[in-house]
Amino acid sequence: MKNIAVIGAGTMGNGIAHTFAQFGYKTNLIDKSEKTLEKGMEIIAGNLDRMVAKEKISEEDKKNTLKNITTFTQLSEGVKNVDLVVEAATENVDLKLSIFKQLDEFCAADTVLASNTSSISITKIAAAVSNPERVIGMHFMNPVPVMKLVEIIRGYSTSNEVTSQIMELSKKLKKEPVEVNDYPGFVANRILMPMINESIETLYNGVAGVQEIDTVMKLGMAHPMGPLQLADFIGLDVCLSILEVMYSGFKNPKYAACPLLVNMVQAGKLGVKSGEGFYDYSESRKAEKVSGQFTS
Ligand SMILES: NC(=O)c1ccc[n+]([C@@H]2O[C@H](COP(=O)([O-])OP(=O)(O)OC[C@H]3O[C@@H](n4cnc5c(N)ncnc54)[C@H](O)[C@@H]3O)[C@@H](O)[C@H]2O)c1
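Quick notes on the rules
- Residues numbered from 1 in each chain as written.
- Predicted model: local features only at pLDDT ≥ 70, side-chain atom pairs only at ≥ 80, totals over all residues.
- Heavy atoms only, no water.
- Near = heavy atom within 4 Å.
- Polar contact = N/O pair within 3.5 Å; in protein donor to acceptor, adjacent residues only side chain to side chain.
- Areas by Shrake-Rupley, 256 points an atom, 1.4 Å probe, with all protein chains shown as cover.
- Helix = DSSP H or I, 4+ residues; strand = E, 2+ residues; numbered from the N terminus.
- Core = buried A, V, L, I, M, F, W, Y, C linked by side-chain atoms within 4.5 Å.
- Buried < 20%, exposed > 50% of the residue type's maximum accessible area, 1.4 Å probe, protein only.
- Contact = heavy atoms within 4.5 Å.
- Phe/Tyr/Trp six-rings, centres within 6.5 Å; stacked < 30°, edge-to-face > 60°.
- Axes fitted to C-alpha atoms, helices over the stretch in contact; angles between N-to-C directions.
- Left-handed = near helix turned anticlockwise from the far one by under 90°.
- Nonpolar A, V, L, I, M, F, W, Y, C, P; charged D, E, K, R; others polar.
- Pairing = 2+ DSSP bridges.
- Right-handed = clockwise from strand over helix to strand, strands pointing away.
- Parallel < 35°, antiparallel > 145°, perpendicular 65-115°, else oblique.
- Salt bridge = Lys/Arg side-chain N within 4 Å of Asp/Glu carboxyl O.

**Some details on the site of the ligand**
- Contacts to the ligand come from 25 residues, most closely from Met12, Asp31, Glu91, Lys96 and Ser118.
- The contact in question runs from an oxygen atom of the ligand to an N or O atom on the backbone of Met12, over 2.8 Å.
- Here an oxygen atom of the ligand sits 2.5 Å away from a polar atom, N or O, in the side chain of Glu91.
- Expressed as a share of its isolated accessible area of 840 Å², the protein-covered part of the ligand is 88%.
- Here the shell around the ligand takes three residues from helix α5 (residues 93–106), the largest share from any one element.

As structure tokens, this is what we get:
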């Protein structure tokens, strides 16, 4: 595999494109608008600058990485002649099904089609294409250039050949791939999201404030960041959609999203990407705790 297309230039898509390009893959980055692509490329350049400053890569590596990325707004153009597509568009089942229908039309029959979905069934996504054995989950973690894990999700029809190709490819990106089966939330989010939801419930019930909850989990459980801050990094809208998929998939009330999470998403407080979530990320008040307004 040499030529890769990444669909979506948001939080995950720009990190995935950055990673493939840094390891020498020709990478087409596709999004709906020029503006989003420009923002995605700025983020990649900024992250590369940080890596150069920390002497993790050279100035030359940075230049080559940027040279390996080409941006597209037309999906049909961006996926032409690629060996692998990694879809990292918004977490919405209808959107993903429509993207995979288009991939079925525009990609060669042997192009491997991966989704970075956090929770949507790979089997369901695969049903949108005529040969579902080439569809697989490639679940990178945020921030992609830094995090080691890739959860590799086998759908009901995913072939052994495609699974081993993707496991090998992940190792070439210096990641640790872990193979799991296709059930709601897979492994990572099935365990993580109930913890995040419970921490929001704890805030909602007025048991403790944002800082206190995060401090308990950081200092008491040796987590590198508290669950509320982690939710801000993931995106509160993403957390909500994952919980909704698990709630409907398992028909179990333990996955019902806390009303505070629903309210915050409706208010557009999505975490880092919108400038405010449980913490304030505006330039003037970077990562300050948002005052007690969210406790019940
Ligand atoms: N945020 C995380 O920590 C995280 C971690 C692992 C996996 N994921 C998954 O990665 C995927 C992307 O999440 P994100 O956090 O990057 O979301 P995001 O909102 O930051 O970015 C999504 C991008 O998709 C683009 N998009 C929407 N429709 C499109 C289309 N038809 N064609 C091309 N681009 C389109 C949007 O313009 C946007 O730039 C989701 O499936 C999510 O569940 C997220």
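**Overview of the nonpolar core**
- Residues Ile16, Phe20, Leu84, Val86, Met138, Phe140 and Ile166 are the most contacted members of the largest nonpolar core, which totals 33 residues.
- Going through the elements one at a time, β1 (3–7), α1 (11–22), α2 (34–53), β4 (84–87), β5 (112–115), β6 (135–140), β7 (149–154) and α7 (160–172) are the ones with two or more residues in this core.
- Dropping the residues within four chain positions of it, Ile166 is found in contact with Met1, Leu84, Val112, Ile136, Met138 and Ile152.

**A closer look at the packing of aromatic side chains**
- Tallied over the entire structure, the rule returns four aromatic pairs.
- Considering the side-chain rings of Phe20 and Phe140, the 6.4 Å spacing of their centres and the 75° angle between planes classify their relative orientation as edge-to-face. With Phe20 in helix α1 and Phe140 in strand β6, this pair connects stretches of sequence that are 120 residues apart. With respect to class, Phe20 is no different from Phe140; both count as buried.
- Considering the side-chain rings of Phe233 and Tyr281, the 6.4 Å spacing of their centres and the 75° angle between planes classify their relative orientation as edge-to-face. Of this pair, Phe233 sits in helix α10 (residues 227–234) while Tyr281 sits in the loop between β9 (279–280) and β10 (288–289); the two residues are 48 residues apart in sequence, bridging distant segments of the chain.
- Given a relative accessible area of 36%, Phe233 falls into the partly exposed group.
- Through successive ring pairs, a cluster of aromatic residues spans Phe20, Tyr25 and Phe140.

**Description of the packing of helix α8 (residues 188–204) against α10**
- Between α8 and α10, the least distance of the axes is 9 Å, while the angle of their chain directions is 115°. Judged by the twist between their axes, the crossing of α8 over α10 is left-handed. Across the interface between the two elements, Leu192, Met193, Met195, Ile196, Ser199 and Ile200 from α8 touch Pro227, Leu228, Leu230, Ala231 and Ile234 from α10.
- Tallied by class, residues from the contact of α8 with α10 come to 10 nonpolar, one polar and no charged.

**Quick word on the pairing of strand β2 (residues 26–30)**
- Taken across its five residues, β2 has four buried, putting it largely inside the fold.
- Strand direction decides the pairing type here: β1 and β2, joined by five bridges, are parallel. Looking across to β2, one finds that Val6 is bridged to Leu29.
- This β-α-β element, β1 to α1 to β2, shows right-handed connectivity.
- Pairing of β2 with strand β3 (residues 69–72), which is carried by four bridges, proceeds in the parallel orientation. In the strand pairing of β3, Leu29 is matched with Thr71.

**Thoughts on the packing of helix α11 (residues 236–250) against helix α12 (residues 259–266)**
- At a minimum axis distance of 9 Å, the contact between α11 and α12 shows a crossing angle of 130°. If you check the angle between α11 and α12, you find them oblique. Judged by the sense of rotation from one axis to the other, the crossing of α11 with α12 is left-handed. Every residue of α12 that contacts α11 at Leu236, Asp237, Leu240 and Leu243 is listed here: Leu261, Val262, Met264 and Val265.
- When grouped by side-chain class, the residues that make up the contact of α11 with α12 number seven nonpolar, no polar and one charged.

**Things to note about the pattern of salt bridges**
- Applying the stated rule across the entire model yields nine salt bridges.
- Here Glu87 ties to Lys96 by a salt bridge, and the two come within 2.6 Å at their closest N and O atoms. Taken individually, Glu87 and Lys96 each receive the classification buried, so the pair is uniform in this respect.
- With its nearest N and O atoms 3.3 Å apart, the salt bridge here joins Asp104 to Arg134. Pair noted here: Asp104 is in helix α5 and Arg134 is in the loop between α6 (122–126) and β6, with a separation of 30 residues, a long-range link.
- The class of Arg134 is buried, set by a relative accessible area of 6%.

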